[in-house]
Amino acid sequence: MHPRFTQEQLAAARERLTNAGQPITEWSRERGLDYGIVHHTLMGRTKGLRGEAFRVAVALGLRKPPKAKRNRVADQQVAA
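My aim in this report is to walk through the structure given alongside it, one point at a time. (Residues numbered from 1 in each chain as written. Predicted model: local features only at pLDDT ≥ 70, side-chain atom pairs only at ≥ 80, totals over all residues. Heavy atoms only, no water.)

**Structural notes on the nonpolar core**
Logical step 1: Among the nonpolar cores identified, the biggest contains 12 residues, and these are Phe5, Leu10, Ala13, Leu17, Trp27, Leu33, Val38, Leu42, Val56, Ala57, Leu60 and Leu62.
Logical step 2: Elements that contribute at least two residues to this core include exactly helix H1 (7–20), helix H3 (35–42) and helix H4 (51–59).
Logical step 3: Each residue touching Ala13, except ones within four places of it in the same chain, is listed here: Leu42, Leu60 and Leu62. (Core = buried A, V, L, I, M, F, W, Y, C linked by side-chain atoms within 4.5 Å. Buried < 20%, exposed > 50% of the residue type's maximum accessible area, 1.4 Å probe, protein only. Helix = DSSP H or I, 4+ residues; strand = E, 2+ residues; numbered from the N terminus. Contact = heavy atoms within 4.5 Å.)

The structure is reproduced here in structure tokens:
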């Protein structure tokens, strides 16, 4: 089970946006993210586990970016 973000994590993310001096709408538009999902994430209403909610959580620094998938076929060809 993935816990929701702590209030400290959410406050830190909001503070980073405030310190950047950029409105949330502009920040989300520049990154191609839906403002509503950004807002819900900052309010702690989503876990940010899948889809755009996950991309928002990564952009806000609340989740780690996904690991790159390795191509086993390419790895075998390199080893040969």
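Structure shown, so let's carry the discussion forward.
**Description of the environment of Thr6**
Logical step 1: Take Thr6: it is sitting in the segment before H1.
Logical step 2: On the accessibility criterion, Thr6 (37% relative accessible area) is partly exposed.
Logical step 3: For Thr6 and Gly44, which are 38 residues apart along the polypeptide, the C-alpha to C-alpha distance reads 8.1 Å.

**A few points about the packing of H3 against H4**
Logical step 1: It is at 9 Å that the axes of H3 and H4 come closest, and there the two elements cross at 65 degrees. Viewed along their axes, H3 and H4 form a crossing whose handedness is right-handed. The segment H3 lies against H4, with Ile37, Val38 and Thr41 engaging Glu52, Ala53 and Val56.
Logical step 2: In terms of residue class, the contact of H3 with H4 is made up of four nonpolar, one polar and one charged. (Axes fitted to C-alpha atoms, helices over the stretch in contact; angles between N-to-C directions. Left-handed = near helix turned anticlockwise from the far one by under 90°. Nonpolar A, V, L, I, M, F, W, Y, C, P; charged D, E, K, R; others polar.)

**Looking at the environment of Ala11**
Logical step 1: In this fold, Ala11 is placed in helix H1.
Logical step 2: Separated by 32 residues in the primary sequence, Ala11 and Met43 place their C-alpha atoms 9.2 Å from one another.

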